[in-house]
Amino acid sequence: MNETVIRLKLSFFLGLRSLRRGSIGSLVMTVVIIGMVFTNMIFLPSVITGAINLFVEQTIEYQSGDVLIQPKEDVEVISDLEDLLARVNRAPGVLRAAPHNNIGGVMKFKGSRLAGSVIAIRPRDEVLVTGVSGKIRDGEYLGEGDTGVIIIGNYVAGHKDKSEDLMPSLGGVRAGDSIDVEFTNGVVRTYRVKGVFETKSYMADQSVFITWEELESIRGQKVDEATEVLVRTVPGEDAEEVKLSLTGMGIQEQIKTWHDLLGKAFAQVVQSYGVINSISTIVSIVIAIVVIFIVIMIKTLNNRRQIGILKAIGIHRTTITYSYVFQVILLAIMGIFFGMLILFAMDRYFAVYPIRFPDGDIRPAFTLADIVTNAILLFVSSAIAGFIPAWLIAREEILTAMRG
Amino acid sequence: MIRTTNLTKTYYPGVVEVPALRGISFEVRRGDFLGLMGPSGSGKSTLLHLLGLLDFPTSGTIEINSHDVADMDDDERTDYRLRKMGYIFQDYALVAELTVLENVMLTVMAQGKTEDECREASREVLSTVGLSHRLGHLPRELSGGEQQRVAIARSMVNRPIILFADEPCANLDTVNSKAVLDQFHTLNEEFGQTIVMVSHEEWHKDYFHRIVYLKDGQIDRDEDRRGH
């Protein structure tokens, strides 16, 4: 039999028995620490990933759809809207297109004034494209052809006690209240608040919606232009493919997928989170290395005499070193397994009770790849941390070691 | 079999030199049951450690079967200790986390034998020292005499060419000491096992064929006792 194989077999034999017959308290403590370190390695990044996922979902769900059509460069609006909508809605992979027309205005309610944009929508299209209709917390969503009514976001509605608001608000508007809106074209209208929505998206909850018919009434003419068109793709369709289809149809406007839209800024955010994740991972690994190093160092120092005896009777020092590495590997496997159990328990828990942030409910998100990558990292780090003290002691002179 | 020439060993525990051996030249012959005797600090254990390749001399040579051990690297010395030498220490030196059978199997496994071969060889040698009923016990569950018999079995299982025993009876009562010495006697008489044993007990003399007396790191006298 090959010498290396013999040494590895003997190392495993020694390592396994040392674990089985050694201190159970020390074993459990080490496994728990490795498990906690592993959990820590995954958990913080998973919360950050969950926050990123939430941000992406909210962007798609409430602001951009899967694909966003914007005016050509140097132009403020998309003209020939009806023609464009007809073409987009016929495009393969498109579920529905919903036009938005933003107009500036100042909202007033009981002495509170709030400047912002009012978005005109077509409710029948909008319900197929964005998720606002499902997030009405007070009152109702807009109906097709509604006039004289408005729906407002949670942050716009605000609270009577403004100290509870995260940003300027109208000071506690509820469904049924009336607010005045002074549009930039000079028109002033009083609207009954038909509903207040709460999406938990920071941006979306600052929005205010009226119907297209109301916009035409304000403008006093048919409106065949939009500031943007949100497009929802058929489930499973790739937004990039749909964008290519639309471009292929000769649409001249700017067509952007949600990914294009989030663009560089989003990439920078992800990169910044990546740095935080890396720091968190490095700190966790350093903790794991230090703990395992100390545990194995104590173990080898306690077994110093035994190591001397093993060398004296002809057991090679690499066999002795590897026996400790095997112990660490087994501890790491048990620790990682324990950590996985904690993670899956946490995953189940947060599925039911997500972490509540002002921007929404975050469910920590991790993938199999995250688990495998971190397990390998921890595994290798543990093996190195176990190897060094064992290697140091196994190199000692026999009689020095035997004297303990 | 083993020849030392002008062997010296000096320790440097601090600034003062402590010479433990001062020019030892002698030979261990095949089949010897050799006792190394002398007062405390005379260099008995130091000499045994050098002969057993557990330590390095300061000067002088050790030849085993005409081969200078100074030419051996660390791996060769380890392999030689495993395959050709057996050791018995006064405090038994068993691996606490291994059972009686596993302690004995260890050195057989290190030679690459199959697990069945290891078990077979270990059981056999443990039965010769009367410990067949203790195979699954851990060392702490055995008496001192039993532990030393396990150590003897471990030292014998690889059929070494020479057995080194460093005061193997130091921690045993007279009955157990006698049992251990009888075991050595049997090994030496029946199997021609070469044994080098350190002792300072006068009554052990009766078991040795030859006694090398050390005093102040030198050979005081070399006494052949075959006629006794």
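Predicted, not measured: the structure shown is a model, and the values here were computed from it.

Remarks on the interface of chain A and chain B
Note on interface size: it is often stated as the accessible area lost on association of the parts.
Okay, so step 1: The interface is formed by 25 residues belonging to chain A together with 28 residues belonging to chain B.
Okay, so step 2: It is A:Arg21, A:Ile313 and A:Leu399 in chain A that bury the most area against chain B; as a group they hold 24% of the surface buried on that side.
Okay, so step 3: Between chain A and chain B we count five salt bridges in total.
Okay, so step 4: B:Asp74 is paired through a salt bridge with A:Arg317; the nearest N and O atoms lie 2.5 Å apart.
Okay, so step 5: Summed over the shared surface of chain A and chain B, the result is 10 residue pairs in polar contact (both at pLDDT 80 or more).
Okay, so step 6: When residues of the side of chain A that touches chain B are traced back to their parent elements, those giving at least two are helix H1 (3-21), helix H9 (304-312) and helix H12 (398-402) of chain A.
Okay, so step 7: Ranked by residue count, the leading element in the side of chain A that touches chain B is H1(A), at eight residues.

A closer look at the confidence of the model for chain B
Residue and element names in this part refer to chain B.
Okay, so step 1: Within chain B, residue pLDDT values average 91, and 99% of them lie at 70 or more.
Okay, so step 2: Within chain B, the lowest mean pLDDT, 89, falls on helix H6 (residues 174-191), and the highest, 95, falls on strand S3 (residues 33-37).
Okay, so step 3: The complex prediction reports pTM at 0.76, with the ipTM value standing at 0.92.

A look at the pattern of salt bridges
Okay, so step 1: Inspection of the entire model under this criterion finds 36 salt bridges over all chains.
Okay, so step 2: Taken together, the salt bridges that share partners define one network made up of B:Asp206, B:Asp220, B:Arg221, B:Glu223 and B:Arg225.

Quick notes on unusual backbone geometry
Okay, so step 1: Phi angles above zero are rare outside glycine, and A:Lys200 is one such case at about 75°.
Okay, so step 2: Look at A:Lys200 and you get partly exposed, because its relative accessible area is 28%.
Okay, so step 3: Residue B:Ser66 is not a glycine yet carries a positive backbone phi of 65°.
Okay, so step 4: By the element assignment, B:Ser66 lies in the loop between strand S4 (59-64) and strand S5 (67-68).

Section: a nonpolar patch on the surface
Okay, so step 1: Residues A:Leu8, A:Tyr322, A:Leu368, A:Val372, A:Ile376, A:Val380, A:Ile384, A:Phe387, A:Ile388, A:Trp391 and A:Leu392 make up a contiguous nonpolar surface patch of about 950 Å² in total accessible area.
Okay, so step 2: Among the elements that make up the nonpolar patch, the one with the highest residue count is helix H11 (residues 368-394) of chain A (nine residues).

With respect to the nonpolar core
Okay, so step 1: Counting residues in each nonpolar core, the largest one holds 77 residues, and the members touching the most others are B:Leu106, B:Leu126 and B:Phe184.
Okay, so step 2: If near-sequence neighbours (up to four positions away) are discounted, B:Leu126 is found in contact with B:Val100, B:Leu101, B:Val104, B:Leu131, B:Ser132, B:Leu135 and B:Ala153.
Okay, so step 3: Core analysis: the second largest hydrophobic core is formed by 42 residues, A:Val118, A:Ile150, A:Val156 and A:Phe183 among them.

Concerning the sheet that holds strand S10 (residues 218-224) of chain B
All names here are of chain B.
Okay, so step 1: The strand order across the open sheet formed by six strands is S6-S7-S8-S3-S9-S10, and the pairing between neighbours is mixed. Edge strands, defined here as strands with exactly one partner in the open sheet, are strand S6 (85-89) and S10. When the angles between neighbouring strand axes are averaged without regard to direction, this sheet yields 15°.
Okay, so step 2: Inspection of the sheet shows strand S9 (residues 210-215) paired to S10 by six bridges, in the antiparallel sense. Residue isoleucine 211 lies in a different strand from S10, and its bridge partner there is glutamate 223.
Okay, so step 3: Most of the contacts of helix H2 (residues 74-84) go to S6, to which it runs at about 80°, and overall it touches S6 and strand S7 (162-166).

What to know about the domain arrangement of chain A
All names here are of chain A.
Okay, so step 1: According to the domain assignment, chain A consists of domain 1 (2-59 + 265-402) and domain 2 (72-252).
Okay, so step 2: Contacts between domain 1 and domain 2 engage six residues on the former and six residues on the latter.
Okay, so step 3: Summed over both partners, the interface of domain 1 with domain 2 comes to about 400 Å²; 41% of that surface belongs to carbon and sulfur atoms.
Okay, so step 4: Considering only the side of domain 1, the residues that lose the most area to domain 2 are Gln58, Pro358 and Asp359, jointly responsible for 76% of the buried surface there.
Okay, so step 5: The interface formed by domain 1 and domain 2 contains one salt bridge.
Okay, so step 6: Linking domain 1 to domain 2 there are two residue pairs in polar contact (both at pLDDT 80 or more).

Rules and cut-offs
Residues numbered from 1 in each chain as written. Chains lettered and ligands numbered in written order. Predicted model: local features only at pLDDT ≥ 70, side-chain atom pairs only at ≥ 80, totals over all residues. Heavy atoms only, no water. Contact = heavy atoms within 4.5 Å. Buried area = accessible area lost by both parts, 1.4 Å probe. Salt bridge = Lys/Arg side-chain N within 4 Å of Asp/Glu carboxyl O. Polar contact = N/O pair within 3.5 Å; in protein donor to acceptor, adjacent residues only side chain to side chain. Helix = DSSP H or I, 4+ residues; strand = E, 2+ residues; numbered from the N terminus. pLDDT = per-residue confidence, 0-100. Buried < 20%, exposed > 50% of the residue type's maximum accessible area, 1.4 Å probe, protein only. Patch = residues over 30% accessible without salt bridge, like charges linked within 9 Å, V, L, I, M, F, W, Y side chains within 5 Å. Areas by Shrake-Rupley, 256 points an atom, 1.4 Å probe, with all protein chains shown as cover. Core = buried A, V, L, I, M, F, W, Y, C linked by side-chain atoms within 4.5 Å. Pairing = 2+ DSSP bridges. Axes fitted to C-alpha atoms, helices over the stretch in contact; angles between N-to-C directions. Domains from an automatic or database assignment.

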